[in-house]
Amino acid sequence: MNKNYIFIFVFLFIFCMLANADLLPKAVLLPSDSVAIRDDALATTINPAGLGANSGFNGSYFHTVSDKFGGDDAYFLSNGGIGFGAEYVAHSSLKFRKYSISDSIKIADGIYLGTAYSWFNSGDRDYDKLSSWDIGLLSRPSNTISIGIVARNLNHPSFKGIRTDRTYDFSLALRPYTDRITLAVNSTSYEGRKISDSTINVSINFEPLDGVMIRGRYDNDRRFEVSVGLGFPKLEFGSYRRYDEERKSDGGGIYLNLSNEWKRSIFGMRHYVMEMKNPNPERILKAKNDNAIDGIIIKSDIGEYGMGTAQEIRDAISDLRSSGKKAICYMEMVGNKEYYVASACNKIFLNNA
């Protein structure tokens, strides 16, 4: 059996042995997402392991707009596998702030491990002394499968004299045949409770048109969430809304996401070349399907990926070239694996300094 999958099974076993619970008080009402999907700045709080899968700069801003949760703001930044979040709650007489710092490392080809530490700041002593540790795992064995696991509140913090137990999020995400649809099954289990008490939901991320993002989630208790976003090459803005089991609004907000990656846009921006510092099959597939991209430039350093990923990257480059687009590779250091990937490109440039 592949050693990467052995590690995943061992990790799952340890999580189950730790046991499974009520979370700390929620701060800003953020949009829900699968712990197997999110790898931008919001991964700081959803699954810190996701920061390792997307090491470029990302930023997010959220503002809640409903009467129930109105007036709150949240900011998230990530770069180089490190993330920071600041959430400001001011919609009620009780005002507090929640800060989070996360980091992620790549432990094997397609496998990332992340940790997150959160603490509260408030004039209320019950909130002011709160802090928690989370740990997350993300595995992407191929371009179509992603597995995420997060254990929360590992330090059992106490809130208002009551011990806060651990919770465990598990998610399996699939991307069938296209990068425009991602389906996920997600569950949260609770410490000291039966498996039958776990909450389960299904979610979908859908891009029917370039830059038009539709996200939805449906829970086993009949609650659901809908999000609609409009994308530009390096930013996306939109809104999200949650509904209870009676189909009544249960809060929502607006958001703005920034990214260093070029993405599909509803506004036709033609004829540019995408530069990839850390190439992966998913990004190359997006470049192939984006009519605004004429080609890619890959800048690769030695030792950044394993042989399995190298094969996937090379296949993705060949697929991109079959569509008529160009691929150029620039390398300052090169090994057999890196040259194997580069050999699929139209041209290879080496630094001879």
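Up top is the structure.
The rules behind each value
- Residues numbered from 1 in each chain as written.
- Predicted model: local features only at pLDDT ≥ 70, side-chain atom pairs only at ≥ 80, totals over all residues.
- Heavy atoms only, no water.
- Disulfide = S-S within 2.5 Å.
- Buried < 20%, exposed > 50% of the residue type's maximum accessible area, 1.4 Å probe, protein only.
- Core = buried A, V, L, I, M, F, W, Y, C linked by side-chain atoms within 4.5 Å.
- Helix = DSSP H or I, 4+ residues; strand = E, 2+ residues; numbered from the N terminus.
- Contact = heavy atoms within 4.5 Å.
- Salt bridge = Lys/Arg side-chain N within 4 Å of Asp/Glu carboxyl O.
- Expected span 1.5 Å × (residues − 1).
- Pairing = 2+ DSSP bridges.

> Account for the state of the cysteines, with residues named and values stated.
Counting across every chain of the model gives zero disulfides. Among the cysteines around Cys329, which has no disulfide bond, Cys345 carries the closest sulfur, lying 4.9 Å off. Judged by its relative accessible area of 2%, Cys329 is buried. Overall, Cys345 belongs to the buried group, its relative accessible area being 6%.

> Tell me about the nonpolar core, and name the residues and values.
With 21 residues, the main nonpolar core has Ile284, Ala287, Ile296 and Ile317 as its most contacted residues. Elements supplying a minimum of two residues to this core: β17 (272-276), α5 (281-289), β18 (293-300), α6 (307-322), β19 (326-331) and α7 (336-342). The element contributing the most residues to this core is α6, with five residues. Among all residues touching Ile296, those that are not within four sequence positions of it are Val273, Met274, Met276, Ile284, Ala287, Leu320, Lys326, Ala327 and Ile328.

> I'd like to hear about the environment of Asn121, residue by residue, with values.
By the secondary structure assignment, Asn121 is in strand β5 (residues 111-122). For Asn121, a relative accessible area of 29% translates into the label partly exposed. Here the alpha-carbon distance between Asn121 and Phe96, two residues 25 residues apart in the chain, equals 5.7 Å. Among all residues touching Asn121, those that are not within four sequence positions of it are Phe96, Arg97, Tyr99 and Asp128.

> Quick one: what's the story with unusual backbone geometry, residue by residue and with numbers?
We note that Asn153 has phi near 60 degrees; this positive angle belongs to a residue other than glycine. Backbone geometry at Arg222 places phi at a positive 75 degrees, although glycine is not the residue there. Inspection of the secondary structure puts Arg222 in the loop between β13 (212-219) and β14 (224-231).

> So what's going on with the pattern of salt bridges? Residues and values would help.
Oppositely charged side chains are able to pair whenever their charged atoms sit close together. Under the definition given, this model contains 19 salt bridges. Ionic pairing is found between Arg242 and Glu225, a salt bridge with its closest N-O pair at 2.9 Å. Taken together, the residues span a long stretch of sequence, with Arg242 in strand β15 (residues 235-243) and Glu225 in strand β14 at a distance of 17 residues. Residue classification places Arg242 among the partly exposed residues on the basis of a relative accessible area of 21%. On the basis of relative accessible area, Glu225 is assigned to the buried category, the value being 5%. Across the pair Glu246 and Lys248 runs a salt bridge, and its minimum N-O distance is 3.7 Å. On the basis of relative accessible area, Glu246 is assigned to the exposed category, the value being 53%. Ionic contacts of the salt-bridge type, sharing partners, join the residues Arg217, Asp219, Glu225 and Arg242 into one network.

> Summarise α6; cite the residues concerned and give the values.
Helix length check: α6 (16 residues) gives 23 Å between terminal C-alpha atoms against 22 Å at 1.5 Å per residue, within 8%. On its buried face, α6 sits against α5, β18, β19 and α7. At the exit of α6 stands Gly324, carrying a positive phi of roughly 100 degrees.

> Could you give an account of the pairing of β15, with specific residues and numbers?
Pairing geometry for β14 and β15, over eight bridges, is antiparallel. Looking across to β15, one finds that Ser227 is bridged to Tyr240. The turn linking β14 back onto β15 is made up of three residues. The sheet contact formed by β15 and strand β16 (residues 249-259) spans eight bridges and is antiparallel. Following the sheet pairing, Gly238 is matched in β16 by Tyr255. Between the end of β15 and the start of β16, which pair antiparallel, lie five residues, with Arg247 showing a positive phi angle near 65 degrees.

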